[in-house]
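Here are the chains, one letter per residue:
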Amino acid sequence: MTEAQGVDKRYGVDSEVGPLRTVMLHRPGNELRRLTPRNNDKLLFDGIPWVGRAQEEHDAFAQALRDRDVEVLYLGELLTEALTDPEARSVAVTGAIADLRLGDTLRDYLRTALSDLDPARLAEALMAGVRNDEVRAGGLVTSLLAHEDFLIDPLPNLLFTRDSSVWIRDSVAVTSLAMPARARETQLTELIYTFHPRFAGADKVYDHQLEHVEGGDVLALGPGVLAVGVGERTTPAGVERLARRVFAQGLAHTVLAVPIAQQRATMHLDTVCTMVDVDAVLMYPNMAEEMRAHAVTTDGEQLYVAEPEPFLVAAAKALGIDTLRRIDTGLDPVTAEREQWDDGNNTLALAPRVCIAYERTVETNARLEESGIEVIRISGSELGSGRGGPRCMSCPVLRAPLAVV
Ligand SMILES: NC(=O)NCCC[C@H](N)C(=O)O
């Protein structure tokens, strides 16, 4: 940590590319072992990953970050530490057993069983879930459910820490996830930010009971300027609510609402657009031309919504720069589509002009390098089966402000 950042500063993010100091990852664990050919679609995975190899790939990702002096925090460890607080345990258990499928008998049983677990085991149950045949609950509901039915659903998408919380300057937004398979993830991030001593006193700007907003849709283009994708996950009402909240807390002066196609390939804005320099973005070529943004501003009381403009134009205006450059990968539409599906545009910037990308998006990476961007390649053959890349798998907690770059 540099002096310019302040000795005690442990969180705060005001851009996509300020030197990354601290990041929260989730090392994939037993929750991935719950995936079967029968449930993988519902759990938003495109296949059944080889878990050991996914862990190796993830460890290499974490090491690549440490090699560049980035502090890596793990969601599972933070959760376990937060659960040493009795109130956190009580909140966690109540949240996990709220599902109406359980009924009173099973819910009472689970409340007692989970409350008796030590923090590590409770964290494991919250992340990997609990199957009907793993407990001896008794009663009507448990008898009528299939052995393999989950009483508490597993959360394999915890891997994608980008989506379940996002730091906006010194405030954290616990997001509100749209897909049922992911909704409970934010109970866990809420617990971490409420009960973990590292985050004591941190302001919150959003919570998981508000309109849907997912972190993969939120890009901090620069200090005071957010771009928020609106599509399969973040709703129009979600971006409006987020805008009101960030304006009220003085965290931004402009929010760009960016409509994106409502389909799995483009589930978040960061699947089609990521920043790689203070004034440069990598964009999915097949969509780059058509991307528009509605600039939302405020006078302190009401919201003003500008007519839509080309994304790069609206973004440059909001940032107060002449041009936001687009790295034109110049790929033919088929190669571009294949590499977009494999998260080629989902880079994680470690600093201006330095990013991490999957090695398999060969063409996109080559074009990035030709444009003067250093690309640190990681393997993602197994990690990629969840349909997310390096940006999706990382929640920056602290970035150095751009002013000191
Ligand atoms: N920001 C991202 O694009 N995150 C990837 C999330 C993938 C996950 N399987 C999902 O469908 O939500």
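Everything numeric in this text was worked out from a predicted model, so none of it was measured.

Per the UniProt annotation, the sites labelled "active site" (unreviewed entry) are Cys-392. Examined against the element boundaries, Cys-392 turns out to sit in the loop between strand S19 (374–378) and strand S20 (395–399). The class of Cys-392 is buried, set by a relative accessible area of 3%. If near-sequence neighbours (up to four positions away) are discounted, Cys-392 is found in contact with Leu-159, Phe-160, Thr-161, Arg-162, Asp-270 and Asn-346.

What follows covers the pattern of salt bridges. Tallied over the full model, the rule gives 32 salt bridges. A salt bridge links Asp-170 to Lys-9, with the shortest nitrogen-to-oxygen separation between them at 2.8 Å. With Asp-170 in the loop between strand S5 (165–168) and strand S6 (171–174) and Lys-9 in the segment before strand S1 (20–25), the pair connects residues that are 161 residues apart, well separated along the chain. Judged by relative accessible area, Lys-9 falls into the partly exposed class, the value being 23%.

Here the focus is the pairing of strand S2 (residues 71–74). By the bridge criterion, four bridges tie S1 to S2 in an arrangement that is parallel. Looking at S2, one finds that Thr-22 is bridged to Glu-71. Handedness of the S1-helix H1 (residues 51–67)-S2 crossover: right-handed.

Running from N to C, helix H3 (residues 86–96) and helix H8 (residues 185–195) cross one another at 165 degrees; their axes reach a closest spacing of 11 Å. By the criterion of interaxial angle, the relationship of H3 to H8 is roughly antiparallel. The way H3 lies across H8 gives a crossing that is right-handed. Between H3 and H8, the contacting residues are Glu-87, Ala-88, Val-91, Ala-92, Gly-95 and Ala-96 on the first element and Gln-187, Leu-191 and Phe-195 on the second. Residue composition of the contact of H3 with H8, grouped by class: six nonpolar, two polar and one charged.

Along its sequence, the chain is organised into domain 1 (10–76 + 156–404) and domain 2 (79–152). Inter-centroid distance (C-alpha atoms) of domain 1 to domain 2 is 31 Å. The interface of domain 1 with domain 2 comprises 16 residues on the first partner and 23 residues on the second. Of the roughly 1600 Å² buried at the junction of domain 1 and domain 2 (both faces included), carbon and sulfur atoms supply 57%. At the junction of domain 1 with domain 2, the criterion picks out two salt bridges.

Rules behind the numbers
Position labels on residues start from 1 in each chain and follow its written sequence. In keeping with the model being predicted, local features are shown solely for residues with a pLDDT of at least 70 and side-chain atom pairs are shown and tallied solely at 80 or more, while totals for entire chains, interfaces and linings include all residues. Values reported for side chains reflect all heavy atoms of the structure, with hydrogen atoms and water molecules removed beforehand. UniProt positions are given in the numbering used here, feature names are shortened, and annotations may be inferred rather than shown by experiment. Only DSSP runs of H or I with at least four residues qualify as helices, and only runs of E with at least two residues qualify as strands; both kinds are numbered from the N terminus onward. Exposed residues in this analysis have more than 50% of their type's maximum accessible area, buried residues have under 20%, and partly exposed residues fall in between, with area computed by a 1.4 Å probe over protein chains only. The contact rule is simple, with two residues in contact once any of their heavy atoms fall within 4.5 Å. Every case where a carboxyl oxygen of Asp or Glu lies within 4 Å of a side-chain nitrogen of Lys or Arg is listed as a salt bridge. Two strands pair if DSSP finds at least two bridges between them. Orient the strands so they point away from the viewer; a crossover is then right-handed if the path from the first strand over the helix to the second runs clockwise. A fitted line through C-alpha atoms represents every axis, and for helices the fit uses only the stretch in contact; the resulting angles, taken between N-to-C directions, go from 0 to 180 degrees. Between 65 and 115 degrees an angle is taken as roughly perpendicular, under 35 as roughly parallel, over 145 as roughly antiparallel, and anywhere else as oblique. When the near helix sits turned anticlockwise from the far one by under a right angle, the crossing is termed left-handed; a clockwise turn instead gives a right-handed crossing. Gly is put with the polar residues, along with every residue not named as nonpolar or charged; the nonpolar set is Ala, Val, Leu, Ile, Met, Phe, Trp, Tyr, Cys and Pro, and the charged set is Asp, Glu, Lys and Arg. Domain boundaries shown here were taken from an automatic or database domain assignment. Accessible surface is computed with a 1.4 Å probe, and the buried area is the amount of it that two parts give up when combined, taken over both parts together.

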